[in-house]
Amino acid sequence: MAGRLLAVSDLHIGYPENRAYADALSPGDPGDWLIVAGDVGEVFADVGFVLASLASRFAKVIWAPGNHELWTLPSDPVALRGVARYEALVKVCRRFGVVTPEDEFPVWDGAGGPVTVAPVFTLYDYSFRAGGAAAGDAAADGGGRAAALAAAGRAGIRPVDEGRLHADPYPSAAAWCRDLVTAAERRLAAVNGPLVLAGHWPLVRGPVAALRHREFAPWCGTALTGEWHTRYRVRAAVYGHLHIPRTTRYDGVRFEEVSVGYPREWGRRGAAPPPPRVILGPE
Ligand SMILES: [Fe+2]
């Protein structure tokens, strides 16, 4: 078998069954690359350990953060918040050779290549809320969050990031998100040739329509990335976060939701989570 570009997300290794799944992930070919599109887990040291061990097995591991990696839980000895937490995760990844959104984008030269694999960190700005705010408008900060929280409250929903994911030193996740999107756009514009984009949050609003509770949508992405799949030469857009694994197309571009999800979720579909999705590989 020739090498493949594989992708998985939402390993949520805090669950023993999921940790066992992550520990058992191994390449089918020595040339396999693995994209890990966020939500490995919450505990800093555990996230680093699992990414490092994956990097020792796969030819290359490419990681983008999810919201859970960015949580600062009182039980975690690593109390870093916001940007400092992200930068510390990047540092751990670099120590073990895991590619992050801050690194030079690697080029997949195997079957289906050459294709640049770009991990992206985009976060959210509440613009996916019902009715939809204009991307990046002034209300996307205080107003967007307040409206999203009010709608969630009316629906009896508790947005899990609130109080756990901190944006320091930014005043809000929306402000951090805007800077992340601007920085990513600068880098993506400089890429020649086709791309696989790999991030945690969906780049387009379409997938959030499948959420059981639409009130979670404001925490699921940003309208600022809504044209990336057509603006850049995107061969496939890998994401997770929604825990609704599937393949869809928007404007003819392949989107792959590659989440494992919680045991109660994958347990409804089978005795074990499926293997990582093949993004590129031999026909
Ligand atoms: Fe998740």
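Above this text is the structure in question.
Calculation notes
Residues numbered from 1 in each chain as written. Predicted model: local features only at pLDDT ≥ 70, side-chain atom pairs only at ≥ 80, totals over all residues. Heavy atoms only, no water. Patch = residues over 30% accessible without salt bridge, like charges linked within 9 Å, V, L, I, M, F, W, Y side chains within 5 Å. Areas by Shrake-Rupley, 256 points an atom, 1.4 Å probe, with all protein chains shown as cover. Salt bridge = Lys/Arg side-chain N within 4 Å of Asp/Glu carboxyl O. Lys, Arg positive; Asp, Glu negative; His and termini not counted. Charge placed at Lys NZ, Arg CZ, Asp CG, Glu CD. Helix = DSSP H or I, 4+ residues; strand = E, 2+ residues; numbered from the N terminus. Buried < 20%, exposed > 50% of the residue type's maximum accessible area, 1.4 Å probe, protein only. Contact = heavy atoms within 4.5 Å. Polar contact = N/O pair within 3.5 Å; in protein donor to acceptor, adjacent residues only side chain to side chain. Pairing = 2+ DSSP bridges. Right-handed = clockwise from strand over helix to strand, strands pointing away. Donors = N, O, S within 2.8 Å, 3.2 Å for Na, K, Ca; no water. Tetrahedral: all angles 85-135°; square planar, octahedral: opposite > 155°, others 65-115°. Expected span 1.5 Å × (residues − 1). Core = buried A, V, L, I, M, F, W, Y, C linked by side-chain atoms within 4.5 Å. Axes fitted to C-alpha atoms, helices over the stretch in contact; angles between N-to-C directions.

Some points on a positive patch on the surface
Working step 1: Together, Arg212, Arg264, Arg268 and Arg269 give the surface a local cluster of positive charge.
Working step 2: Counting through the fold element by element, arginine 268 comes out in the loop between α7 (263–266) and β10 (277–280).
Working step 3: Given a relative accessible area of 65%, arginine 268 falls into the exposed group.

With respect to the environment of glutamate 42
Working step 1: Examined against the element boundaries, glutamate 42 turns out to sit in the loop between β2 (33–36) and α2 (44–57).
Working step 2: What makes glutamate 42 buried here is its relative accessible area of 17%.
Working step 3: When the C-alpha atoms of glutamate 42 and histidine 12 are compared, they prove to be 7.9 Å apart, with 30 residues separating the residues in sequence.
Working step 4: Dropping the residues within four chain positions of it, glutamate 42 is found in contact with His12, Val47, His68, Trp71, Leu73, Asp76 and Arg85.
Working step 5: Side-chain polar atoms of glutamate 42 contact the side chain of histidine 68, separated by 2.5 Å.

Section: the pattern of salt bridges
A side chain with one charge may pair with a side chain of the opposite charge, provided their charged atoms come close.
Working step 1: Inspection of every chain in the model, using the stated rule, returns ten salt bridges.
Working step 2: The closest approach of N and O atoms between arginine 145 and glutamate 162, which form a salt bridge, is 2.7 Å. With arginine 145 in helix α4 (residues 142–154) and glutamate 162 in the loop between α4 and α5 (173–189), the pair connects residues that are 17 residues apart, well separated along the chain.
Working step 3: With relative accessibility at 22%, the residue glutamate 162 sits in the partly exposed group.
Working step 4: With a shortest N-O distance of 3.1 Å, arginine 231 and glutamate 185 are connected by a salt bridge.

A look at the pairing of β2
Working step 1: Residues Trp33 and Ile35 line one face of β2 and the alternating positions Leu34 and Val36 line the opposite face, and both faces are buried.
Working step 2: Sheet topology note: the strand β1 (residues 5–8)/β2 ladder contains four bridges and is parallel. The residue bridging alanine 7 from the neighbouring strand is isoleucine 35, located in β2.
Working step 3: Handedness of the β-α-β unit built from β1, helix α1 (residues 16–24) and β2 comes out right-handed.
Working step 4: Of the strand pairs in this sheet, β2 and strand β3 (residues 60–63) are connected by four bridges, and their pairing is parallel. Across the sheet, residue tryptophan 33 finds its bridge partner in β3, namely lysine 60.
Working step 5: Following the chain from β2 across α2 to the adjacent parallel β3, one finds a crossover that is right-handed.

A word on the coordination of the iron ion
Working step 1: Here the iron ion is held by the protein donor atoms Asp10 (OD), His12 (NE2), Asp39 (OD) and His243 (NE2), which lie 2.0 to 2.3 Å from it.
Working step 2: Seen from the iron ion, its four donor atoms lie at angles of 85 to 175°, and the figure they make is irregular.
Working step 3: When the donor residues of the iron ion are listed from N- to C-terminus, their spacing reads D-x1-H-x26-D-x203-H. Taken as a pair, aspartate 10 in the loop between β1 and α1 and histidine 243 in the loop between β7 (234–239) and β8 (246–250) lie far apart in primary sequence, 233 residues in all. Histidine 243 matches aspartate 10 in its accessibility class, with the two residues each being buried.

Here we look at the side chain of histidine 241
Working step 1: As for its position among the elements, histidine 241 is in the loop between β7 and β8.
Working step 2: For histidine 241, a relative accessible area of 14% gives the class buried.
Working step 3: A polar contact of 3.2 Å, which involves the side chain of histidine 241, links it to the side chain of asparagine 67.
Working step 4: Here tryptophan 219 takes part through its backbone oxygen, which lies 3.3 Å from a polar atom of the side chain of histidine 241.
Working step 5: Setting aside chain neighbours within four positions, we find histidine 241 in contact with Ser9, Asp10, Asn67, His200, Trp201, Trp219, Cys220 and Glu257.

A look at α5
Working step 1: With 17 residues, α5 extends 24 Å between its outermost C-alpha atoms, agreeing within 8% with the 24 Å of an ideal straight helix rising 1.5 Å per residue.
Working step 2: Ala173, Ala174, Ala175, Trp176, Cys177, Leu180, Val181, Ala184 and Leu188 are the residues of α5 that are buried.
Working step 3: The secondary structure elements touched by the buried residues of α5 are α3 (82–95), β5 (115–119), β6 (195–198) and α6 (228–231).

Here we look at the nonpolar core
Working step 1: Grouped together as the largest cluster of nonpolar side chains are 72 residues, with contacts concentrated most on Val36, Trp63 and Leu123.
Working step 2: Here this core takes eight residues from α5, the largest share from any one element.
Working step 3: Not counting the four nearest positions on each side in its chain, valine 36 is found in contact with Val8, Leu11, Leu51, Leu54, Val61, Ile62, Trp63 and Ala64.
Working step 4: By size, the runner-up hydrophobic cluster in this structure holds 17 residues, among which are Ile62, Val196, Ala236 and Leu280.

What to know about the sheet that holds β2
Working step 1: Sheet architecture is open: four strands sit in the order β3-β2-β1-β10, paired in mixed fashion. Each edge of the open sheet is held by one strand with a lone partner, namely β3 and β10. Strand-to-strand twist across the sheet, computed as the mean angle between neighbouring axes with direction ignored, equals 30°.
Working step 2: Sitting on the sheet, α2 is in contact with β2 and β3, with an inclination near 145° to β3.

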